[in-house]
Amino acid sequence: MTMSEVFNDVLLADPHSGYAKMREAGRVHQATTPDGEPVWVVARYEDVRKALADNRLSLNKVNARTRGNYQSSMPPELDAHLLNMDAPDHTRLRRLVSKAFTPRRIEALRDRVHSLTKDLLDTVHGPQFDIMATLANPLPMNVICELLGIPSGSRGDFRDWTNLLISPTPGAVESSRSAMRSMHKFLVAVINDKRRCPTDDLLSAMIESRDEHEHLSESELVAMAFLILFAGYENSTHLIGNATVGLLLHPEHLAAVREGRTSVRAVVEETLRWNSPFPLGVRRFALEDLVIGGVEIPAGGRVWVSLISANHDERLFESPRDFDPSRTPAHLAFGRGIHYCLGAPLARLEAEVAITSLLDRWPHLQLSVSVEQLEWWQSFHKRGLLALPVTA
Ligand code: HEM
């Protein structure tokens, strides 16, 4: 099986079938991406779990043996972020922001997230509306922009760039490159404004770390702002959409939630396992010749650690394609180890508040189109709905 076959024919439309074939065929697969890059795909849960904590696997692309498309598409100004770094740089930078994202700090935002959600839902007039446009798109953008201190006027532009960046299928590099450049310019301008007029937010705190304590470089500052904004928006949007559609497509589970037999938190966790918004593997580069799952990987080899494949591994999850919030999934949707998702508590909070608010406000909420009419983004980088039309 080559990766390009899976990419082109199956993975985009139905990633789970492609990965199921891989898991059955073996533990690790040497494959080729559509841009001709060799890659080793880690497909089974136990191997994925171990690979995520394996310090012989680097995130820093300077350790890549070959140049991939992704390398040319990122302007170097945005490279210096956590997902392109190993210890000790990663440790230093993560420490600077981790305080803002602890479960306790995030829990303190619950009332604010509630009130932002309420404001968005108050804009609904009439029985039919689109949950993506009304709530799932704007809520995470509003929350993360407030946390960082990004002015509200520029949020629409940022959303457009993110869509350009994340939507193209492999090969459509130019549009995402230009979106990257625009984002970079935008962030530099916001940071310069905040330098002149600091406010009480995460970005101003990071600027202070840079200017007064020299804890990070200017490019690390810009790249950190980029990563938090970018990662904090898109994934949460589609977690809200995928969890809501999961419930609306499964009336028995919807009823269990409404009757208090299943918690919304359990629905969110099962959605992360069943239909994660982040479908692609996380990438790593072998620091030395090594063997994973019995397969030799040369130093510099590009490794794709597939989280969604792990989360559907039938060795761990019975009937993995069923949406069943009553299981308690030990999913790997947020990764594991030192790069474990910084925003996991925030993503969980937003999804929980969004779904609870929707169900509380509309006791008869239902899909207003058939499952076949639902349109999904055609992207390897995200699994999410273009629209989620409902009747209140
Ligand atoms: C459903 C929502 C989300 C999913 C599925 C998700 C998934 C992930 C995964 C899998 C990783 C690890 C990547 C790797 O090991 O290579 C990660 C890292 C990260 N995520 Fe999330 N994420 C979500 C929401 C968020 C939010 C809301 C934020 C906002 C702050 C965020 C910020 C980050 C950051 C900064 C990292 C890098 C951490 C590090 O390298 O130390 N994520 N995320």
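Refer to the preceding data block for the structure.
In this report, the structure presented in the accompanying data block is examined. (Residues numbered from 1 in each chain as written. Predicted model: local features only at pLDDT ≥ 70, side-chain atom pairs only at ≥ 80, totals over all residues. Heavy atoms only, no water.)

**Digging into the pattern of salt bridges**
No. 1: Applying the stated criterion across every chain yields a total of 25 salt bridges.
No. 2: Note that Glu352 is salt-bridged to Arg110, the shortest N-O span being 3.8 Å. In this pair, Glu352 sits in helix H17 (residues 344-361) while Arg110 sits in helix H7 (residues 110-121), placing the two residues 242 residues apart along the sequence.
No. 3: With its nearest N and O atoms 2.9 Å apart, the salt bridge here joins Glu270 to Arg273. Of the two residues, Glu270 and Arg273 are both situated in helix H15 (residues 264-274); the distance of three residues between them amounts to about one turn of the helix.
No. 4: The buried category is assigned to Glu270, whose relative accessible area is 0%.
No. 5: Sharing partners across several salt bridges, the network here consists of Arg23, Asp313, Glu314 and Arg315. (Salt bridge = Lys/Arg side-chain N within 4 Å of Asp/Glu carboxyl O. Helix = DSSP H or I, 4+ residues; strand = E, 2+ residues; numbered from the N terminus. Buried < 20%, exposed > 50% of the residue type's maximum accessible area, 1.4 Å probe, protein only.)

**A few points about the packing of helix H13 (residues 218-248) against H17**
The description of two packed helices rests on the angle between their axes and on the distance between the axes.
No. 1: Closest axis-to-axis distance for the H13/H17 pair is 9 Å, and the angle between their directions is 40°. With respect to each other, H13 and H17 are oriented oblique. Viewed along their axes, H13 and H17 form a crossing whose handedness is right-handed. Contacts between H13 and H17 involve Ser236, Leu239, Ile240, Ala243, Thr244 and Leu247 from the first element and Ala347, Glu350, Ala351, Ala354, Ile355, Leu358 and Leu359 from the second.
No. 2: Of the residues that constitute the contact of H13 with H17, the class distribution is ten nonpolar, two polar and one charged. (Axes fitted to C-alpha atoms, helices over the stretch in contact; angles between N-to-C directions. Parallel < 35°, antiparallel > 145°, perpendicular 65-115°, else oblique. Left-handed = near helix turned anticlockwise from the far one by under 90°. Contact = heavy atoms within 4.5 Å. Nonpolar A, V, L, I, M, F, W, Y, C, P; charged D, E, K, R; others polar.)

**Side note on the site of the ligand**
No. 1: Every one of the 28 residues lining the ligand counts as a neighbour, but His90, Arg94, Arg284, His339 and Cys341 are closest to it.
No. 2: Arg284 places a side-chain nitrogen or oxygen 2.8 Å from an oxygen atom of the ligand.
No. 3: For the shell around the ligand, the secondary structure elements donating two or more residues are helix H5 (89-98), H13 and strand S5 (282-286).
No. 4: Sorting elements by how many residues they give to the shell around the ligand places H13 first, with seven residues.
No. 5: Class assignment for the residues of the shell around the ligand results in 19 nonpolar, seven polar and two charged. (Near = heavy atom within 4 Å. Polar contact = N/O pair within 3.5 Å; in protein donor to acceptor, adjacent residues only side chain to side chain.)

**Focus on the coordination of the iron atom of the ligand**
No. 1: Among protein atoms, the single one acting as a donor to the iron atom of the ligand is Cys341 (SG), 2.3 Å away.
No. 2: Relative to the helices and strands, Cys341 resides in the loop between helix H16 (307-311) and H17. (Donors = N, O, S within 2.8 Å, 3.2 Å for Na, K, Ca; no water.)

**Overview of the packing of helix H12 (residues 202-211) against H13**
No. 1: Viewed as axis vectors pointing N to C, H12 and H13 meet at an angle of 160°, and their least axial separation amounts to 10 Å. Here H13 runs roughly antiparallel to H12, going by the angle between their axes. As for how H12 packs across H13, the hand of that crossing is right-handed. Within the contact between the two elements, H12 uses Leu202, Leu203, Met206, Ile207 and Arg210 and H13 uses Glu218, Leu221, Met224, Ala225 and Ile228.

**Examining the packing of aromatic side chains**
Each aromatic ring pair is specified by the distance between its two centres and by the angle formed by the two planes.
No. 1: Taken as a whole and judged by the stated rule, the model has six aromatic pairs.
No. 2: Pairing Phe226 with Phe230 gives two aromatic rings, centres 5.2 Å apart and planes at 15°, and the pair type is stacked. Of this pair, Phe226 and Phe230 both sit in helix H13, four residues apart, roughly one helical turn.
No. 3: According to the relative accessible area criterion, Phe226 is buried, its value standing at 1%.
No. 4: Of the residues examined, Phe230 reaches a relative accessible area of 19% and is grouped as buried.
No. 5: Ring centres of Phe334 and Tyr340 lie 6.1 Å apart, and the angle between their planes is 65°; this geometry places the pair in the edge-to-face category.
No. 6: The residue whose ring lies beneath Arg273 is Phe317, and the NZ or CZ to ring-centre distance is 5.2 Å.
No. 7: The ring of Trp376 carries the charged tip of Arg383 above its face, separated from the ring centre by 3.9 Å. (Phe/Tyr/Trp six-rings, centres within 6.5 Å; stacked < 30°, edge-to-face > 60°. Lys NZ or Arg CZ within 6 Å of the ring centre and 35° of its normal.)

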